[in-house]
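So the chains spell out like this:
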Amino acid sequence: FLAFVSFIITFAVANYFVKRPYSLLVALWAAFFFGILGNRVIVFFEKKRVKKEKDKREKATLLDSVTFAKDEEKEKVFLSALKKDYPSVKLSRGGYFIPEKNGLVFIEAGYSPLDKAKTVKIFNLLSKDEKAALYYRFKESGADEFAERFNGKIILKSENDLISLIEKSDVKLSPPFLTFP
């Protein structure tokens, strides 16, 4: 379409200034040039869109593989990822205790959204000087504001933070559609 429009416009303008055979050559050249330019632009944005969709699918597959994994496999994945930054991390009170930070890390990687009840349950597990980081995949609206009420003792980490944590792990899980019991 761009080539056709550029041909028509260039031919009409060039025909006014030069003889018809020369204006035809100039118009064909412009149509060829703008046709290739338009094609390159379209291909560039299409590749960008396809890459974005592929990354989105890979992230969803990664999260699903963790969601559908057995609890023991999940523990291995998250323990491996956390040990890269904190070598003395250990399982404690349903989460991962990090002595260096005097805090706990909790993971909610399932399909049930993070709600106020889970946040309160985690808050009740903390001692006075401990803090908690809570990684979640989905959350209910208002969960951020509710977590802020605990004076910074609970820090919510989003789905992107959960993905980066999983990617740090040395333990690789198979995609969920390939796993059979």
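Residues numbered from 1 in each chain as written. Predicted model: local features only at pLDDT ≥ 70, side-chain atom pairs only at ≥ 80, totals over all residues. Heavy atoms only, no water.

## What to know about the packing of aromatic side chains
- Here the structure, examined in full by the defined rule, presents seven aromatic pairs.
- Ring geometry for F68 against Y111: centres 5.8 Å apart, planes inclined by 50 degrees, an arrangement best described as tilted. Residue F68 is located in the loop between α2 (20–67) and α3 (71–85), and its partner Y111 is located in the loop between β3 (103–108) and α4 (116–125); the two are separated by 43 residues in the primary sequence.
- Following the ring pairs from residue to residue traces out a cluster consisting of W29, F33 and F34. (Phe/Tyr/Trp six-rings, centres within 6.5 Å; stacked < 30°, edge-to-face > 60°. Helix = DSSP H or I, 4+ residues; strand = E, 2+ residues; numbered from the N terminus.)

## Things to note about the pattern of salt bridges
- Following the criterion strictly, the structure yields eight salt bridges and no others.
- Between R49 and E53 there is a salt bridge; the shortest N-O distance is 2.6 Å. One end of the pair is R49 and the other is E53, both in helix α2 and four residues apart, which spans about a single turn.
- Taking the relative accessible area as the measure of exposure, E53 reaches 37% and is therefore partly exposed.
- Here R93 ties to E130 by a salt bridge, and the two come within 2.7 Å at their closest N and O atoms. Highlighted residues: R93 in the loop between β1 (90–92) and β2 (95–98) and E130 in the loop between α4 and β4 (131–136), separated in sequence by 37 residues.
- In this structure R93 comes out as partly exposed when scored by relative accessible area, which is 36%.
- When salt bridges with common partners are traced through the structure, they connect E46, R49 and E53 into a single cluster. (Salt bridge = Lys/Arg side-chain N within 4 Å of Asp/Glu carboxyl O. Buried < 20%, exposed > 50% of the residue type's maximum accessible area, 1.4 Å probe, protein only.)

## Focus: the side chain of S23
- Locating S23 in the fold gives a position in helix α2.
- Given the relative accessible area of 0%, S23 is considered buried.
- If we skip the residues at most four places from it in the chain, S23 touches F11, A14, N15 and V18. (Contact = heavy atoms within 4.5 Å.)

## A word on a negative patch on the surface
- Among the surface-exposed residues, D71, E72, E73 and E75 lie close enough to one another that they form a single negatively charged patch.
- Examined against the element boundaries, E75 turns out to sit in helix α3.
- Assessed through its relative accessible area of 35%, E75 is described here as partly exposed. (Patch = residues over 30% accessible without salt bridge, like charges linked within 9 Å, V, L, I, M, F, W, Y side chains within 5 Å. Areas by Shrake-Rupley, 256 points an atom, 1.4 Å probe, with all protein chains shown as cover. Lys, Arg positive; Asp, Glu negative; His and termini not counted. Charge placed at Lys NZ, Arg CZ, Asp CG, Glu CD.)

## A short note on a nonpolar patch on the surface
- Where nonpolar side chains cluster on the molecular surface, the patch consists of L2, W29, F33, F34, L37, V41, F44 and F45 and spans about 810 Å² of accessible area.
- Considering every element that reaches the nonpolar patch, the biggest residue donor is α2, with seven residues.
- Tracing the sequence through the fold places V41 in helix α2.

## Remarks on the sheet that holds β4
- With mixed pairing, the five strands of this open sheet are ordered in space as β1-β2-β3-β4-β5. Strand pairing shows two members of the sheet lacking a second neighbour, β1 and β5 (154–157), which therefore form its edges. In this sheet, adjacent strand axes meet at a mean angle of 30 degrees when their direction is disregarded.
- For β3 and β4, the ladder comprises six bridges, and the chain directions are parallel. Bridging from a neighbouring strand, G103 pairs with K131 of β4. (Pairing = 2+ DSSP bridges. Axes fitted to C-alpha atoms, helices over the stretch in contact; angles between N-to-C directions.)

Shape is all these values report; function is a separate question.
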